[in-house]
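One letter stands for each residue in the lines below.
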Amino acid sequence: MPSVLLTESIAVELGAVEPWPDDVKLYQPYEVEQILLPDNASCLSVQAFLKMASLDFQVQMRSNAESMSPSGKVPFIRCGAFVVAEMDPIVAFVNTKGIRLNDHLSDAEKADMRAYMSLVNSVLANAELYICWCHNETFQEVTKPRYGSVYPWPLNHVLCWRKKKSIKKKLASVQWLDKSLEEVYEEVNNCCHAVSERLGTQKYFFGERPTELDALVFGHFFSIITTPLPDNRLAATVRGYQNLIDLCKTVDEKFFQKKQEE
Amino acid sequence: MGTVYAKTLIEEEQMKIDENKISLDKIKARVDKVHVDGVGRTKDDILAKAVKDLFQAHNFEELINFFLFLSTLGPEASPDGVEVTFHTVEVRRVVGGVNTLVGNNEGSMVVGMKLPNLGGRGENLQAEYQYGTKRSYGFNATVTKPFIFRGNPRITGAVFQHAADFPWSGFRQIDRGTLLEVAFESAPQIHHSFRWEGIWRELKCALPSTAFAVREETGHSLKSSIKHILTRDTRDNLVLPTAGTFLRLNQELAGLGGDIGFFKQEFEFQFNQNLGYDMILQGSLMGGFMKRTSLDKSFNIADRFFLGGPLSLRGFMMRGVGPHNEDNALGAESYWATGLHLYSPLPFRPGKGGIGELFKTHLFLNVGNIGNFQFSDDYHQNLITLLTNLRLACGAGIVLSVGHVARFELNYCVPIRYQPGDKLNPGLQFGVGVTFL
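In this text the structure is predicted, and so the values were computed from the model without any measurement.

## Focus: the overall build of chain A
Thinking step 1. Looking only at helices and strands, chain A has 11 helices and 4 strands in total.
Thinking step 2. For 262 residues, the compact-globule estimate of 2.2 N^0.38 gives 18 Å, and the C-alpha radius of gyration of chain A, at 19 Å, lies within 12% of that figure.
Thinking step 3. Each principal axis of the C-alpha distribution contributes one length, and for chain A these read about 50 × 45 × 40 Å.
Thinking step 4. Within chain A, buried positions represent 48% of all 262 residues.
Thinking step 5. Of all intrachain contacts in chain A linking residues separated by at least 6 positions in sequence, the fraction that spans at least 24 positions is 75%.
Thinking step 6. Accessible surface, chain A as shown: approximately 12500 Å² in total, 52% of it carbon and sulfur.
Thinking step 7. Separation between the mean location of the 28 positive side-chain charges and that of the 34 negative ones in chain A comes to 5 Å.

## Re the side chain of B:Glu202
Thinking step 1. The residue B:Glu202 is located in strand S11 (residues 190–205) in this model.
Thinking step 2. Here B:Glu202 falls in the buried class, since its relative accessible area comes to 6%.
Thinking step 3. For B:Glu202, the side chain forms a polar contact with the side chain of B:Arg176, separated by 3.1 Å.
Thinking step 4. Dropping the residues within four chain positions of it, B:Glu202 is found in contact with A:Arg162, B:Arg172, B:Gln173, B:Ile174, B:Arg176, B:Gly219 and B:His220.

## Some points on the UniProt feature "domain: Bacterial surface antigen (D15)" (unreviewed entry) in chain B
Thinking step 1. The residues that UniProt annotates with the feature "domain: Bacterial surface antigen (D15)" (unreviewed entry) are residues 117–436 of chain B.
Thinking step 2. A distance of 34 Å separates the end C-alpha atoms of residues 117–436 of chain B, which is 4% helix and 57% strand.

## Considering the pairing of strand S21 (residues 406–417) of chain B
A regular strand places its side chains so that they alternate between the two faces of the sheet.
Residues and elements named next belong to chain B.
Thinking step 1. Relative to S21, strand S20 (residues 391–402) is paired through 11 bridges, and the arrangement is antiparallel. If you follow Val399 over to S21, its bridge partner there is Glu409.
Thinking step 2. Once S20 ends, the chain turns through 3 residues before running back antiparallel as S21, passing Gly403 with a positive phi of about 60°.

## Thoughts on the packing of aromatic side chains
All names here are of chain A.
Thinking step 1. Taken as a whole and judged by the stated rule, the model has 17 aromatic pairs over all chains.
Thinking step 2. Ring centres of Trp133 and Tyr147 lie 5.4 Å apart, and the angle between their planes is 75°; this geometry places the pair in the edge-to-face category. Linking Trp133 in helix H5 (residues 107–134) with Tyr147 in helix H6 (residues 136–148), this pair joins segments that are 14 residues apart in sequence.
Thinking step 3. What makes Trp133 buried here is its relative accessible area of 1%.
Thinking step 4. One aromatic cluster in this structure is built from Trp133, Phe139, Tyr147 and Tyr151.

## Observations regarding the nonpolar core
All names here are of chain A.
Thinking step 1. One finds Trp20, Leu50, Ile77, Trp133, Phe205, Val217 and Leu244 to be the most contacted residues of the largest nonpolar core, which totals 80 residues.
Thinking step 2. Here the element with the most residues in this core is H5; it accounts for 12 residues.
Thinking step 3. Counting contributing residues, this core receives three or more from each of domain 1 (2–96) and domain 2 (107–257).
Thinking step 4. Excluding residues within four positions of it along the chain, Leu244 makes contact with Cys192, Val195, Ser196, Leu199, Phe205, Val217 and Phe221.

## Details of the interface of chain A and chain B
Thinking step 1. Facing 20 residues of chain A, the contacting portion of chain B comprises 18 residues.
Thinking step 2. When the two sides are added together, the surface that chain A and chain B hide from each other amounts to roughly 1500 Å², 64% of it contributed by carbon and sulfur.
Thinking step 3. Among the residues chain A hides against chain B, the three largest losses belong to A:Met68, A:Leu155 and A:Arg162. Together they make up 29% of the total.
Thinking step 4. Our count for the chain A to chain B interface comes out at 2 salt bridges.
Thinking step 5. Counting residues per element, the side of chain A that touches chain B draws most heavily on helix H7 (residues 155–173) of chain A, which supplies 4 residues.

## Notes on the pattern of salt bridges
Thinking step 1. Under the counting rule described, the total for this entry stands at 26 salt bridges over all chains.
Thinking step 2. The partner of A:Glu182 in a salt bridge is A:Arg233, and the shortest N-O contact between them spans 3.1 Å. Residue A:Glu182 is located in helix H8 (residues 181–199), and its partner A:Arg233 is located in helix H10 (residues 233–239); the two are separated by 51 residues in the primary sequence.
Thinking step 3. Judged by relative accessible area, which is 33%, A:Arg233 ranks as partly exposed.
Thinking step 4. For B:Arg304, the salt bridge goes to B:Glu217, with nearest N and O atoms at 2.6 Å. Residue B:Arg304 is located in the loop between strand S15 (279–291) and strand S16 (324–325), and its partner B:Glu217 is located in the loop between helix H4 (212–215) and strand S12 (219–233); the two are separated by 87 residues in the primary sequence.

## Focus: the environment of A:Glu86
Residue and element names in this part refer to chain A.
Thinking step 1. Looking at where Glu86 falls in the secondary structure, it is placed in the loop between strand S4 (82–85) and helix H4 (87–96).
Thinking step 2. Measuring from C-alpha to C-alpha, the distance between Glu86 and Val59 comes to 15 Å, with 27 residues separating the pair along the chain.
Thinking step 3. Setting aside residues no more than four positions away along its own chain, Glu86 makes contact with Ser71, Lys73 and Pro75.
Thinking step 4. A polar contact of 2.9 Å, which involves the side chain of Glu86, links it to the side chain of Ser71.

## A word on the domain arrangement of chain A
Residues and elements named next belong to chain A.
Thinking step 1. Per the domain assignment, the segments making up chain A are domain 1 (2–96) and domain 2 (107–257).
Thinking step 2. Using C-alpha coordinates to define each centre, domain 1 is positioned 20 Å away from domain 2.
Thinking step 3. Between domain 1 and domain 2, the residue contacts involve 23 residues of the former and 32 residues of the latter.
Thinking step 4. Carbon and sulfur atoms supply 66% of the area buried between domain 1 and domain 2, which totals about 2300 Å² over both sides.
Thinking step 5. Contact with domain 2 buries area across many residues of domain 1, yet Leu36, Leu37 and Met52 alone supply 30% of it, more than any other trio.
Thinking step 6. Run the count over domain 1 and domain 2 and you get 1 salt bridge.
Thinking step 7. Where Lys163 meets Glu66, a salt bridge forms, and the shortest distance between an N and an O atom there is 2.8 Å.
Thinking step 8. Counting the contacts that link domain 1 with domain 2 gives 8 residue pairs in polar contact (both at pLDDT 80 or more).
Thinking step 9. Contributing elements (two or more residues each) for the side of domain 1 that touches domain 2: helix H2 (37–52) and H4.
Thinking step 10. Taken together, the residues of the side of domain 1 that touches domain 2 break down into 12 nonpolar, 5 polar and 6 charged.

## Structural notes on the packing of H5(A) against helix H9 (residues 212–226) of chain A
Residue and element names in this part refer to chain A.
Thinking step 1. Running from N to C, H5 and H9 cross one another at 20°; their axes reach a closest spacing of 10 Å. The angle between H5 and H9 places the two elements in the roughly parallel class. Helix-helix and strand crossings are classified by hand; for H5 and H9 the assignment is left-handed. The segment H5 lies against H9, with Met113, Tyr116, Met117, Val120, Asn121, Leu124, Ala125 and Glu128 engaging Glu212, Leu213, Leu216, Val217, His220, Phe221 and Ile224.
Thinking step 2. Among the residues making up the contact of H5 with H9, the classes are represented as 11 nonpolar, 2 polar and 2 charged.

## Focus on a nonpolar patch on the surface
Residues and elements named next belong to chain B.
Thinking step 1. On the surface, Val402, Phe408, Leu410, Tyr412, Val414, Ile416, Leu428, Phe430 and Val432 cluster together into a nonpolar patch covering about 830 Å² of accessible area.
Thinking step 2. Looking at the nonpolar patch, the elements with two or more residues in it are S21 and strand S22 (427–433).
Thinking step 3. Ranked by the residues each element gives to the nonpolar patch, the list is headed by S21, at 5 residues.
Thinking step 4. By secondary structure assignment, the location of Phe430 is in strand S22.
Thinking step 5. According to the relative accessible area criterion, Phe430 is partly exposed, its value standing at 49%.

Reading guide: rules and limits
Residues numbered from 1 in each chain as written. Chains lettered and ligands numbered in written order. Predicted model: local features only at pLDDT ≥ 70, side-chain atom pairs only at ≥ 80, totals over all residues. Heavy atoms only, no water. Helix = DSSP H or I, 4+ residues; strand = E, 2+ residues; numbered from the N terminus. Rg over C-alpha atoms; globule rule 2.2 N^0.38 Å. Buried < 20%, exposed > 50% of the residue type's maximum accessible area, 1.4 Å probe, protein only. Contact = heavy atoms within 4.5 Å. Areas by Shrake-Rupley, 256 points an atom, 1.4 Å probe, with all protein chains shown as cover. Lys, Arg positive; Asp, Glu negative; His and termini not counted. Charge placed at Lys NZ, Arg CZ, Asp CG, Glu CD. Polar contact = N/O pair within 3.5 Å; in protein donor to acceptor, adjacent residues only side chain to side chain. UniProt positions renumbered as here; feature names shortened; annotations may be inferred. Pairing = 2+ DSSP bridges. Phe/Tyr/Trp six-rings, centres within 6.5 Å; stacked < 30°, edge-to-face > 60°. Core = buried A, V, L, I, M, F, W, Y, C linked by side-chain atoms within 4.5 Å. Domains from an automatic or database assignment. Buried area = accessible area lost by both parts, 1.4 Å probe. Salt bridge = Lys/Arg side-chain N within 4 Å of Asp/Glu carboxyl O. Nonpolar A, V, L, I, M, F, W, Y, C, P; charged D, E, K, R; others polar. Axes fitted to C-alpha atoms, helices over the stretch in contact; angles between N-to-C directions. Parallel < 35°, antiparallel > 145°, perpendicular 65-115°, else oblique. Left-handed = near helix turned anticlockwise from the far one by under 90°. Patch = residues over 30% accessible without salt bridge, like charges linked within 9 Å, V, L, I, M, F, W, Y side chains within 5 Å.

Right, here's the structure in full:
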């Protein structure tokens, strides 16, 4: 195995010199009937990041996107011979090509950006997982039918149960499983408050140009406010922060709707 | 085997033999009673069937064909009658074992347990648990119930999980499933097996560098299929036969539930001809094709056919023939392959009559083809399709039979015809396996 890792990393280094190809594809689950809130948030974040960096890609929806992904998580991109999954590795991969969204930041600001990204990842992502998989009403009404929709009986039940088990294990490892729903909303509220404070009245988090933090925040907030759930308190909490909603609108109009019109 | 209590027959007979060597078939004998000692759980109807033939005996010769030891008399016998007593020891209720197994880049430990003759009519319950060095585990639990009707039918049910690596195709497959099988003989030596299988297959990429075409097929699928397997085997040995033929036909219809649907047909034929001077000519032909049966159900890389390897189409790498993507074999929907072997004993016959009989040298010629062929109603056209781009290899080597079950082959191969994209293995090739072409 070490030899494989080594050749992989050498290949990534070599691949860095090549320009961004035309046929890059982003793989994700079906948006209408399959995708769940946490996956939708990360897929939108990556899409927003790539669009902010003006990199061309096509979205490919596959029912088995999760199994296809090298890390087992969506989304992932296929760029030439490389298959890279999840936000952080994709950002790092794009950076090796000399394309950066955070060039205009000072070192302190970069550290700041990393800190906020990690805050969003650790709070919002876990809260989304908690509500989808551990809140019983949401699980029965939304998560289970959607996650199982692409599998035949009885696999839909088996795979859903297996996924739930692994999510619970993951949440338990970060001490989220014991939290009550109220505590989760409290955490979300605190996180939103901190992020909203940082944004203030600026257009983007670091001035006039978007960074990966903007992409990440857009992905999570836009997914939360556009996904209907039986318990809508998550969306309601987020809607309380007008400047964050405005950021979502700006990014949506500038990077998503403009592209569609073209 | 058993003990026969006869009247004074033995002494009389002994005298007669001493006097004028009377042949045993002149002495009348019939079985009045059969005693079976030492039986615990085996049911009477099974024993009755097992000893039924005894009652057919009319004379002593027929009778002693069944037995090794004869002795004294029983109390209530008819004039020529004998009573037969079997002293038996039943199989233990539980048999078990621990083995190690090495294969496909993985070593594993197998813990097995068997409950033979569970209900007294030959029912078996067998369970096996396997734990591999790659932390993969598998199990298999099988229940078998034979019946004593015509055709010796047998019902088998099993649940299982096993994992297998296919490095030549870049994926790892985990199967979890259940099967139900009815097997019987419609005529002597003609075995049928009707089977239903429900298998949940999980495909994973084996390496980060797995071809993207294979990556696209990873994930979960559920195959529910019915199968019919017909086998006729008259060979005298499974690995190095000297006479006999073998025929197997295999039909499978998948798509009764689940998300995999196809119709698959496969055949395998082998003949063996002794040419004299211990030379044996063996010819074999196998092939298969599959097609989709419905629009909404498809099949994937786990279902398709592969060709090539040291015991398949020799001279090519394992799964080395046919469509490839980035060095990974993708498989195809139809194939055929033939093999012609000329076997002879080792030169100068070392170990003749003993270990030397397990070795043979052979010359071989393999021809085959694989692809997603489009067939039509025009048979001539179909034949041309099957014969274009065929692969051909020949060579010579040594075959070793291991336990009359598996075979080792060390061959020198020369691929003669091949197609671009095929992965060749010219020169020395070593193979171990149970099935061969």
